[in-house]
Amino acid sequence: MTSKVKGRHSKAIHGGLDSAAHQGAVSVPIYQTSTFAFPSAEEGAARFAGTSQGPIYTRLGNPTIAALEECVARLEGGCGAIGTATGMAAVSTVFLALLKQGDHVVGTHPLYGPSRGLLEKYFSRLGVTSTFVAAADSTALAAAIRPETKMVYVETPANPNLDLVDLAAAAGAAHQAGVPLVVDNTFAGPHLQRPFEYGADVVLHSLTKSLNGHTDVVAGIVVAREPELLVALTTVARSFGFTMDPHQAWLVLRGIRTLGMRVERAQANAQALAAWLESHPAVEWVRFPGLASHPQYELAKRQMDGPGSVIAFELRGGVEAGRRLMNSVKVITLAVSLGGIESLIEHPASMTHSTVPREEQLRQGITPGLVRLAVGCEDLVDLRDDLDQALALVETALPSTAR
Ligand SMILES: *Cc1c(COP(=O)(O)O)cnc(C)c1O
């Protein structure tokens with residue numbers, strides 16, 4: 001019955017739950033066990049041979065984790081998924097499954113720092129090379145593909161400058177060359193953007209962010225469009241031991257049940273705050289895909305079901321003003337991460353993207369004064385009042401020339 005639901009909220013609430021298989025349980029039970037007894041030696045052998053589907057050992061699969069994998073696969077519209085211990089374990093799974101010595105990767109920038117770091121620091125040692133092009137530049141992406149390119153890897157909206165990648169164009173370029181398009185869909189999440197609809201072959205998530213949504217778990221997942229890739233990805237995750245724990249999976253499943261409500265509320269807050277910030281005299285510029293001032297506003301409307309809840313902005317007083325703002329907020333928390341129910345503020349140049357060299361930061365639009373605000377589900381009035389009092393402190397501290 002649950003497989004018939006069509007809506008995004010319904011899929012988040014019912015996806016992955018087969019109550020009849022769990023004594024009628026309406027919440028998936030936590031199978032907190034490392035191994036599973038076989039009813040007979042023959043059945044044990046059949047499970048190892050893959051001719052029988054029952055569970056074997058939790059690193060190789062567990063019913064609670066399977067429920068989460070099915071839920072996210074349905075939300076994204078993929079054929080199946082493999083849960084991982086962290087978002088970075090999901091990224092590692094994809095790279096190890098798709099790349100070998102001599103291969104080349106085309107990626108977009110800016111990219112989640114550690115994901116690019118894996119390619120430049122570790123996969124480079126294994127003979128894999130990579131080229132990064134600006135997220136908004138579809139022409140450069142197509143031009144960077146070479147005969148030895150084996151993967152196109154993108155993030156949209158990009159973190160932290162909120163540039164967008166045109167997913168249909170990226171898929172077209174990748175498929176023209178016969179290589180898969182991989183999309184890290186952590187920022188938007190499946191409630192707002194489903195990359196398979198635009199031709200992606202693999203979608204991955206840090207479940208740590210909006211899917212879990214409660215800032216209390218780290219986890220990841222990789223979703224495949226076709227069974228062949230799913231088998232390759234699953235084999236890597238299980239072999240390297242990147243797989244997740246049943247309790248972790250249950251917490252994320254619990255978070256996902258309210259995904260749509262949280263995402264829509266945070267997004268409404270973000271839309272209002274972005275417009276308010278844009279008209280504030282202390283603010284130099286605001287970048288948010290839901291504002292007409294975003295250079296790819298039309299693409300955002302076409303490709304996404306909403307602009308999300310992360311805002312990038314810079315104060316007129318630059319770095320010093322941004323630092324003062326971050327030290328002055330009282331409701332909004334100074335912390336990295338995003339997609340949680342509470343609002344978080346951070347400084348990419350010195351925090352999330354501090355490993356990117358200064359010149360490269362500027363090339364990627366990570367200006368020294370850029371502040372990233374991940375808006376949560378609090379009441380709008382409290383968030384706006386908090387920013388208002390913090391901006392008032394910033395303004396009194398600024399030299400008159402910067403005002
Ligand atoms: C957080 C994040 C990751 C890494 O996820 P972890 O759960 O922290 O390992 C990867 N990609 C993006 C876009 C992220 O925001």
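Provided above is the structure to which this section pertains.
Fair warning: this is a prediction, and the values are worked out from it, not measured in the lab. (Residues numbered from 1 in each chain as written. Predicted model: local features only at pLDDT ≥ 70, side-chain atom pairs only at ≥ 80, totals over all residues. Heavy atoms only, no water.)

1. Focus on the pattern of salt bridges
Then, in step 1: Counted under the stated rule, the structure contains 18 salt bridges.
Then, in step 2: Of the charged contacts in the structure, one is a salt bridge between glutamate 320 and arginine 323, with a shortest N-O distance of 3.1 Å. Linking glutamate 320 with arginine 323, this pair stays in helix H12 (residues 318-328), spanning three residues, or about one helical turn.
Then, in step 3: Salt bridges linked by common partners bring Arg8, Arg194, Glu197 and Asp305 together as one network. (Salt bridge = Lys/Arg side-chain N within 4 Å of Asp/Glu carboxyl O. Helix = DSSP H or I, 4+ residues; strand = E, 2+ residues; numbered from the N terminus.)

2. Some points on the site of the ligand
Then, in step 1: In the neighbourhood of the ligand, the contacting residues comprise Thr86, Gly87, Met88, Tyr112, Glu155, Asp184, Thr186, Ser206, Thr208, Lys209 and Ala219.
Then, in step 2: The side chain of aspartate 184 places a nitrogen or oxygen atom 2.6 Å from a nitrogen atom of the ligand.
Then, in step 3: The side chain of lysine 209 places a nitrogen or oxygen atom 2.7 Å from an oxygen atom of the ligand.
Then, in step 4: Alone, the ligand offers 380 Å² of accessible surface; in the complex the protein occludes 92% of this.
Then, in step 5: Considering only residue class, the shell around the ligand consists of three nonpolar, five polar and three charged. (Near = heavy atom within 4 Å. Polar contact = N/O pair within 3.5 Å; in protein donor to acceptor, adjacent residues only side chain to side chain. Areas by Shrake-Rupley, 256 points an atom, 1.4 Å probe, with all protein chains shown as cover. Nonpolar A, V, L, I, M, F, W, Y, C, P; charged D, E, K, R; others polar.)

3. Quick word on unusual backbone geometry
In most cases, non-glycine residues show a negative phi, while peptide bonds are predominantly trans.
Then, in step 1: Cis rather than trans, the peptide bond between threonine 156 and proline 157 has omega equal to -5 degrees.
Then, in step 2: Residue position: proline 157 is located in the loop between strand E4 (149-155) and helix H7 (167-176).
Then, in step 3: Here the bond from asparagine 159 into proline 160 is cis, since omega is 10 degrees, no more than 30 degrees from zero.
Then, in step 4: As for its position among the elements, proline 160 is in the loop between E4 and H7.
Then, in step 5: Of note in the backbone geometry, glutamine 23 takes a positive phi value of approximately 60 degrees without being a glycine.
Then, in step 6: Structurally, glutamine 23 can be placed in the loop between helix H1 (8-14) and helix H2 (41-49).
Then, in step 7: Phi is positive for threonine 215, which is not a glycine, with a value near 55 degrees.
Then, in step 8: Topologically, threonine 215 is positioned in the loop between strand E6 (202-206) and strand E7 (220-224).
Then, in step 9: Judged by its relative accessible area of 43%, threonine 215 is partly exposed. (Buried < 20%, exposed > 50% of the residue type's maximum accessible area, 1.4 Å probe, protein only.)

4. Digging into the side chain of asparagine 269
Then, in step 1: Tracing the sequence through the fold places asparagine 269 in helix H10 (residues 259-278).
Then, in step 2: In this structure, asparagine 269 is in contact with Val375, Gly376, Cys377, Glu378, Leu380 and Leu383, ignoring residues within four places of it in sequence. (Contact = heavy atoms within 4.5 Å.)

5. A short note on the side chain of glutamate 155
Then, in step 1: Relative to the helices and strands, glutamate 155 is located in strand E4.
Then, in step 2: The side chain of glutamate 155 sits in the buried core without any salt bridge; arginine 372 is the nearest counter-charge, 8.3 Å away.
Then, in step 3: Within the local environment of glutamate 155, its side chain forms a polar contact with the backbone nitrogen of tyrosine 112, the two atoms lying 2.8 Å apart.
Then, in step 4: Ignoring any residue separated from it by four or fewer positions in sequence, one finds glutamate 155 in contact with Thr108, Leu111, Tyr112, Val165 and Asp184. (Lys, Arg positive; Asp, Glu negative; His and termini not counted.)

6. Let's talk about the packing of aromatic side chains
Then, in step 1: All told, the structure shown has four aromatic pairs when counted by the stated rule.
Then, in step 2: On the numbers, 5.6 Å between centres and 90 degrees between planes, the contact of phenylalanine 95 with phenylalanine 123 is edge-to-face. Taken as a pair, phenylalanine 95 in helix H4 (residues 87-98) and phenylalanine 123 in the loop between helix H5 (113-122) and strand E3 (129-134) lie far apart in primary sequence, 28 residues in all.
Then, in step 3: Ring geometry for phenylalanine 95 against tyrosine 153: centres 5.2 Å apart, planes inclined by 70 degrees, an arrangement best described as edge-to-face. With phenylalanine 95 in helix H4 and tyrosine 153 in strand E4, this pair connects stretches of sequence that are 58 residues apart.
Then, in step 4: In this structure tyrosine 153 comes out as buried when scored by relative accessible area, which is 0%.
Then, in step 5: An aromatic cluster is present here, built from Phe95, Phe123 and Tyr153 joined pairwise through their rings. (Phe/Tyr/Trp six-rings, centres within 6.5 Å; stacked < 30°, edge-to-face > 60°.)

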